[in-house]
Amino acid sequence: MHVITQKDVENVIQKRIETGHKGTFGRVSVIGGNANMGGAAIMAVQAAVKAGAGLTTCISHKANLTALHARVPEAMFIDYFDNDALCKSVFQSNVVVVGPGLGTDETAKQVFSSVLKNANQTLIIDGSAITMLAEDDQLKKLTPSAKIIFTPHEIEWQRLSGLSQAEQTPAKNAAKALELNADVVLKKHGTEIYHLSGKCSKLTIGGPYMSTGGMGDTLTGICAAFLAQFKGDQDQILDAAVYTHSDIADLLAKERYVVLPSEIADNLQKYMKHRCNGQIL
Ligand SMILES: NC(=O)C1=CN([C@@H]2O[C@H](COP(=O)(O)OP(=O)(O)OC[C@H]3O[C@@H](n4cnc5c(N)ncnc54)[C@H](O)[C@@H]3O)[C@@H](O)[C@H]2O)[C@@H](O)CC1
Ligand SMILES: Nc1ncnc2c1ncn2[C@@H]1O[C@H](COP(=O)(O)OP(=O)(O)O)[C@@H](O)[C@H]1O
Ligand SMILES: [Mg+2]
């Protein structure tokens, strides 16, 4: 098991080319946020923007539009009932996140199936989308042409893998990830990452000050932005994103009892600047 370190982050976060433009640094679409859980999508979107994605689109229930732009005017918005626009944005995105706050009702299923049919580069499946996939054989049949990354917590992983928490051993987790033909970021105290390449990585940082709703939604935005903008070893880029999320939490936890997901997002730019120049925060 590769223990992820600061070195992985410093290898991934490169100085930007002078002639870069929005498109150089990747297009991300986040699909989630029903009328009751808009915050999940907003937290994923703000994390993607602040982690450096060139262009980020939030595809969500229109009830979330005002709140989104109050917080992240940089993000574009598509009403997730506008299926044509949704499919176009998903098809054109380098990285797609689906699931944060999406819910598991009929609308969510329709939206998720459109995403599965159109994602063709990298698709991060999180939250409600994992739960829907675990429970719906029709959705399971929609195998997208994209590289898949699941980001379950232990209960979502139990649903998808069929492995109880006690059965979630590295060997069984790795075998299930292979069966799913996907990378799996198994989120817990000591998050483990099972790459399709066979590489297994783990975190030895992070802690209970992260146990607030929205922390996983935020992680999807950081992963999406890193994968959309950085070139090179995709396994190391994903590892670096997961490390960054917890490393910022650890730094903030020095002065906090609880670290909020939005505070992690707010500290991404400074953290990435320091890691880019190999400076210690
Ligand atoms: N502000 C928001 O709108 C939020 C929306 N969220 C969305 O809510 C939907 C459901 O996700 P949830 O994870 O809340 O619900 P789930 O139905 O997936 O999980 C049920 C419960 O399992 C427990 N659980 C989670 N991780 C666990 C672990 N490692 N070990 C043991 N028990 C664990 C938690 O109490 C959780 O509420 C997702 O789409 C998610 O994105 C959540 O992210 C919370 C914040
Ligand atoms: N005790 C803990 N130790 C380390 N990391 C934690 C702890 N509690 C929560 N986390 C992290 O917070 C995130 C929780 O993800 P998730 O349950 O999906 O949150 P969300 O409420 O956004 O769906 C994961 O990245 C997990 O590793
Ligand atoms: Mg979650």
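Owing to the predicted nature of the structure, the values given are computational and were not obtained by experimental measurement.

Residue-level account of the site of ligand 1, with values.
Around ligand 1, 18 residues are found, and the nearest of them are G101, S128, H153, E154 and D217. H153 is positioned with one of its side-chain polar atoms (N or O) 2.8 Å from an oxygen atom of ligand 1. Of all elements in the fold, only helix 2 (38-50), helix 6 (127-135) and helix 8 (154-161) reach the threshold of two or more residues within the shell around ligand 1. Among the elements that take part in the shell around ligand 1, helix 8 stands out by supplying four residues, more than any other.

So what's going on with helix 6? Residues and values would help.
Of all nine residues in helix 6, eight are buried; the element is thus mostly enclosed. Those residues of helix 6 not exposed but buried are G127, S128, A129, I130, T131, M132, L133 and A134. Those residues of helix 6 hidden inside the fold are in contact with strand 5 (95-98), helix 5 (106-118), strand 6 (122-125), helix 7 (137-140), strand 7 (147-150) and helix 8.

Please set out the UniProt feature "binding site: AMP" (unreviewed entry) in the protein residue by residue, giving values where relevant.
When the UniProt feature table is mapped onto this chain, "binding site: AMP" (unreviewed entry) is found at K187, K188, H189, G190, T191 and G216. Across 30 residues of sequence, these annotated residues stay compact in space, with a maximum C-alpha separation of 14.0 Å. Among the annotated residues just listed, those lining the largest pocket are K187, K188, H189, G190, T191 and G216. Discounting chain neighbours no more than four positions away, the residues touching H189 are G206 and G207.

Conventions we followed
Residues numbered from 1 in each chain as written. Chains lettered and ligands numbered in written order. Predicted model: local features only at pLDDT ≥ 70, side-chain atom pairs only at ≥ 80, totals over all residues. Heavy atoms only, no water. Near = heavy atom within 4 Å. Polar contact = N/O pair within 3.5 Å; in protein donor to acceptor, adjacent residues only side chain to side chain. Helix = DSSP H or I, 4+ residues; strand = E, 2+ residues; numbered from the N terminus. Buried < 20%, exposed > 50% of the residue type's maximum accessible area, 1.4 Å probe, protein only. Contact = heavy atoms within 4.5 Å. UniProt positions renumbered as here; feature names shortened; annotations may be inferred. 1 Å grid on protein atoms, 1.4 Å probe; cavity = no way out; pocket = protein on both sides within 12 Å on 5 of 7 lines; lining within 4 Å.

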